[in-house]
Each structure stands twice: as structure tokens, then as C-alpha cells.
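Examining the three-dimensional arrangement
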Amino acid sequence: MTAENNEITPIDGNEHSELRQNHVIAERREKLKSIREQGIAFPNDFKPDALAAKLHAEFSGMENETFDAKPVPVKVAGRMMLKRVMGKASFATIQDNSGRIQLFVGSSNIDEASYEAFKHWDSGDILGATGYLFKTKTGELSVKVTELRLLTKSLRPLPEKFHGLTDQEVKYRQRYVDLMVNEETRATFVARSKVVAAIRNFMLQNEFMEVETPMLHPIPGGASAKPFMTHHNALDMQMFLRIAPELYLKRLVVGGFERVFEMNRNFRNEGLSVRHNPEFTMMEFYAAYTDYHWLMDFTEQCIRAAAIAARGTATLIYDGREVDLSKPFERLTIVGAIQKYAPQYSLSQLNDCAFLRAEILKHGTKPFDHAGLGALQLALFEETAESQLWQPTYIIDYPVEVSPLARASDKNPEITERFELFITGREIANGFSELNDAEDQAARFNAQMKAKEAGDAEAMYYDADFIRALEYGMPPTGGCGIGIDRLVMLITDSPSIRDVILFPHMRAEA
RNA sequence: GGGGCGUUAGCUCAGCUGGUAGAGCAGCGGACUUUUAAUCCGUUUGUCGUGGGUUCGAUCCCCGCACGCCCUACCA
């Protein structure tokens, strides 16, 4: 850059270039400037006494004769979403936490200065209105405004009022805007809140205690996944963001808290997809003296209760297809599911390792050098049957080699008392009778260590303290994790996990 | 990681076989005392994601890159 260029380059700064680029924002900054000059620009002394939705619910049946006979004074506040200025009788629609209500701003009802000021306020501004309820001649319940105040000036314009905000990226990155203008987005997160509350209530009613275990783990455990790594300075210690709370929750069962649950975040340093966010919410629970049969009954009831709390029904529509949570969930073994959904395979083929290996390769899945029969059957299940499990289905009896924390079956030491729950072709929950034999668990950890040394990045670490805990004796216990984000996707008919996470992770903005 | 599609005004989108951009909304000015996507008249706004290439000339054609969405892979 030459000296000449330097001379003509104006002050560089984000604010400055934005002002030059966006005259809409510049205009609003000018308005704010003059508001500041006139007094307190951001007053905090207006206290609304009514919410839009409650006013509609309570007064929409009343007519103007009633309002005339007995006036209903109200103070409402909210963001101005629409404004219709017409000479001396204008309207504005404001939105509060509950919904929207229309303001009638007539020059004969408020002072002239306020009316003139109102004409220059913008969509997105936060207003406080004092007045009386009435009905317009089209029958819409409205507030006849007698006093109108600008509580917060909005410097940025709202998205276009008819089409709204549709850009997925902006919806995710600027969720605050999405929430302002898209009622469906608000509804999704209200539903999520209800699901979480319903699950918490369900657990508490069943005498589970809510606990909080560490998010920072010295040894990541409880799942097969790649962890996020971090470092604690004062302890000069490598730490991991937890991939699952499982091993801590089981320590609590050892300690005598026989029914515990934790609903919180897990972190996995893996790919992102429509079903995967680097941090996701899981509800894990453990109950002493229960087994996986009990867990399946219980999980079913919990999920049903969550759907009813959020939607009022256990019969849902997902992606245009019905999902019925009201009936007992089907239970199939891995082989049984393949036979049902991929009947081209004979039972003898399904017990033939060489055949399975070849068949899995046809589906383009990774090689399985050390995989035994059970793991091969599981892989074929995942390729052929899993995505077809639309109605809620428990798949049971997972092979021991892929279930290092689950109790082996008394009848067959190759399989575990484990299930995964699939709905709409997606895994929603995973549970099992817990392995409480400390010596067996130590052996399983050793096998995982070998797998890790052989290059399996997701294999588990040996957790000596967890073994020590088991050596004190853990009662026979059932434990299960429910993927809350995926459950909310199902209940809110959302196609992407990002639609049910308020601030999904995205690449850094360019 | 692989594949597909996309990126044009603050928002939603047009833009023909290449001649450096338009509409609606929003904004600004005006009219209007029951509108509700108010209406009517006038009017402002763009590094056409980014860097190269081809060309007299590129929003348009070619290549790279960035970002996004979808599919796929790992995974819950």
C-alpha cells in the first residue's frame, strides 16, 4: 500500500465500516443518539403487569360494551414486530414471552410528542405501553394506548416481516433472532424444556436422586469415544471432558445411593452430523437390584411420559410418519432383527463368520480383523436392519466384546444383558445390567487396553479407582442412558440435532 | 474425510447464450383516525463469499479457497 493510499483510507474499525455499509444501522444509531440527548435512553422503571397470551385467554370472549362498562387497565411490554402508521390512528404488534398483542396508538389518546416519536420507532424496538383493553372493529383484542415508552432501542433491523428468517446458518448462529421471529423455534425449545422437566419429575417420583458428577475427568470412561483433552494448570494435569458419567454414577451406587440419575452434557471429539453435536445431553440413571428387563419397562414409561408432557400424546408424527410410543415397545435380539428386516439371510449364514465378514464388506464398512461372531452379527444388523426400526424397538443381547461394562448373560457368556432402543431408525437409549464383578471388569479393561494399543482410538482406559470401588462390592444394578437431544428431535419432529440445541457448534465465522 | 447443492441490498429472492445489477419488504420523505404482510406517491442502499484464470469486457465461463446446508463415513 502506498503512502497516498494511506492518506485516503479512513479510520478502519468494524463499527465504522459497518456504518458505511449498512445505512439501516446507521440510521438507528442516529436515532439512539438523539434519544440519549433527550434523557435516559435505556430506562428500567417500566413494570408490565400483563402478558399477551394471558390477556387473550382471559378477555378475548368479551365485547366492547363490557370493556366500556368496566375498563380493564393494562401495562404490557415487548418487542415491536409490526408497525402500521396511518395518519392519526396507528397500530403496532408487540411480542412478549407469551405471545403477541396489538397496540392501538391513536393521536387522540396519547400526547402529541409521544405520537410523533412513535412514528419514528423501528421494528425490533422494545416498548412499554399503558392503556385499556378494547376490541377493534375486526374483533381483535388490543390495547388502547394512553402512554407509550421506548424501553430499548434496537440497532439492528428484524428479518423481513413476511418471510422471516429462513437461512439455516443464521438461525443457528444468531439463535436470538431465530427465537424472535420464528414461533416454531420457540415452540421447539419450550417442548424441550417440558421434556427435560417431565423426565426429571419422572425420575424423582420413582425415588431417584439427582446428582452431579465431574465433567473434567482424569481418565475418560464409560463409553467408547474420542475425548476432548484439556489441561489443569494448578495441578499440572491432563484432563478430559467427560464422554459419559457412567463410572462415577456406579461409584455412587457402591457408596449406597441406590437410585441416582444425572441429566447433563457429554462431550465427544468426533464428527458433526444431523444426529451428532460435540456436546450433547444424556440422562443416565442407575438402580440397584434391577436388571435390564426392568430398565426396558422403566425407560419405556419415562419416554412415554416425556412425550405426553410435551405433546399431550404418545402418538407422534415424525417426518410425516406415525411413531406410536403408547404401545409396548417391541423387543428383538440382534439376529431376530436381521431375520425380520433382512430375511434374505438364513440362520446358518448369520452364524457363519466368513459369510458375515464378506457381507459386511459389501456394505462398505471398515474391516473387522478381531471381530467375533457377535460383533459381526451386530455390524450386519447396523447395515441392514437398524435404519428400518421406525417404531420403538429394543434390540437385546449385545456381544460381550463390544460391551465392556455390561454384565454377561448367565446362559451365554458371549452375550451381555444389554439393550439399545431404536426409534425412527436412530439409537435413543442404551442400557444394561451392570457388570459388578470387579475381577471380570478388570479383565475387560485389560482387553480394552490391548485394543487401544492395537490402534483403537475409542477403546477404554483402565480405571483403577473404578475397579477399587467395585472391589468394595456394588449391588446388582441396572443402568441406562437416554439421549435427550435425539428424544427431543423425535418429540418435536425436528430433522436435525441442531434444531433442538439452542446454540449448536459451528465452524468459526469467516 | 468423500460426494452433491448453495453464497447477489439489512431480510426474502430475480438476474436470459458474458456488456460491472433488479423486485418486494425494511429504511427515509409525503398522504391517511380501526389497521393487521395496511395501502398509495416519491426515494436511498450493493467489494454479486474470496483469490486467481480466460476475455476488449465476468454476478454469469474455468480453477483454487472459505463458509453453509444435505447425503455419506466415525459415532450417541
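Residues numbered from 1 in each chain as written. Chains lettered and ligands numbered in written order. Predicted model: local features only at pLDDT ≥ 70, side-chain atom pairs only at ≥ 80, totals over all residues. Heavy atoms only, no water.

With that settled, consider the overall build of chain A. Summing up its helical and strand segments, chain A has 18 helices and 18 strands in all. In terms of overall dimensions, chain A is more spread out than a globule: its C-alpha atoms have a radius of gyration of 30 Å, far above the 24 Å expected for 510 residues. Along the longest, intermediate and shortest principal axes, the C-alpha atoms of chain A span 85 × 75 × 50 Å. Excluding contacts between residues fewer than 6 apart, the proportion of contacts in chain A whose partners are at least 24 apart in sequence is 65%. (Helix = DSSP H or I, 4+ residues; strand = E, 2+ residues; numbered from the N terminus. Rg over C-alpha atoms; globule rule 2.2 N^0.38 Å. Contact = heavy atoms within 4.5 Å.)

Let us look at the nonpolar core. By size, the foremost hydrophobic cluster in this structure holds 45 residues, and its most contacted members are Ile199, Met203, Met283, Phe285, Leu325, Ile482 and Leu487. Among the elements that make up this core, the one with the highest residue count is helix α11 (residues 292-311) (nine residues). Filtering out sequence-adjacent residues up to four positions away, Met283 remains in contact with Ile199, Met203, Phe261, Glu262, Met263, Cys480, Gly481, Ile482 and Ile484. Residues Ala52, Phe59, Val76 and Leu150 belong to the second largest nonpolar core, which totals 29 residues. (Core = buried A, V, L, I, M, F, W, Y, C linked by side-chain atoms within 4.5 Å. Buried < 20%, exposed > 50% of the residue type's maximum accessible area, 1.4 Å probe, protein only.)

All right, on to the packing of helix α9 (residues 183-205) against α11 then. Between α9 and α11, the least distance of the axes is 8 Å, while the angle of their chain directions is 140°. Here α11 runs oblique to α9, going by the angle between their axes. Relative to α11, the crossing made by α9 is right-handed. Residues Ala191, Lys194, Val195, Ala198, Ile199, Phe202 and Met203 of α9 form the contact with α11, whose participating residues are Phe298, Gln301, Cys302, Ala305, Ala306, Ala309, Ala310 and Arg311. Its residues assigned to classes, the contact of α9 with α11 shows twelve nonpolar, one polar and two charged. (Axes fitted to C-alpha atoms, helices over the stretch in contact; angles between N-to-C directions. Parallel < 35°, antiparallel > 145°, perpendicular 65-115°, else oblique. Left-handed = near helix turned anticlockwise from the far one by under 90°. Nonpolar A, V, L, I, M, F, W, Y, C, P; charged D, E, K, R; others polar.)

Around RNA strand B, the structure places 54 residues, and the nearest of them are Lys137, Thr138, Lys161, His276 and Arg498. Of everything in RNA strand B that lies within 4 Å of the protein, sugar and phosphate atoms constitute 61%. One nitrogen or oxygen atom from the side chain of Glu169 is found 3.3 Å from a sugar or linking oxygen belonging to RNA strand B. A distance of 2.9 Å separates a sugar or linking oxygen of RNA strand B from a polar atom in the side chain of Glu270. Secondary structure elements with two or more residues in the surface near RNA strand B: α3 (23-38), β1 (73-84), β2 (89-95), β3 (100-106) and α7 (168-173). (Near = heavy atom within 4 Å. Polar contact = N/O pair within 3.5 Å; in protein donor to acceptor, adjacent residues only side chain to side chain.)

Shape is all these values report; function is a separate question.
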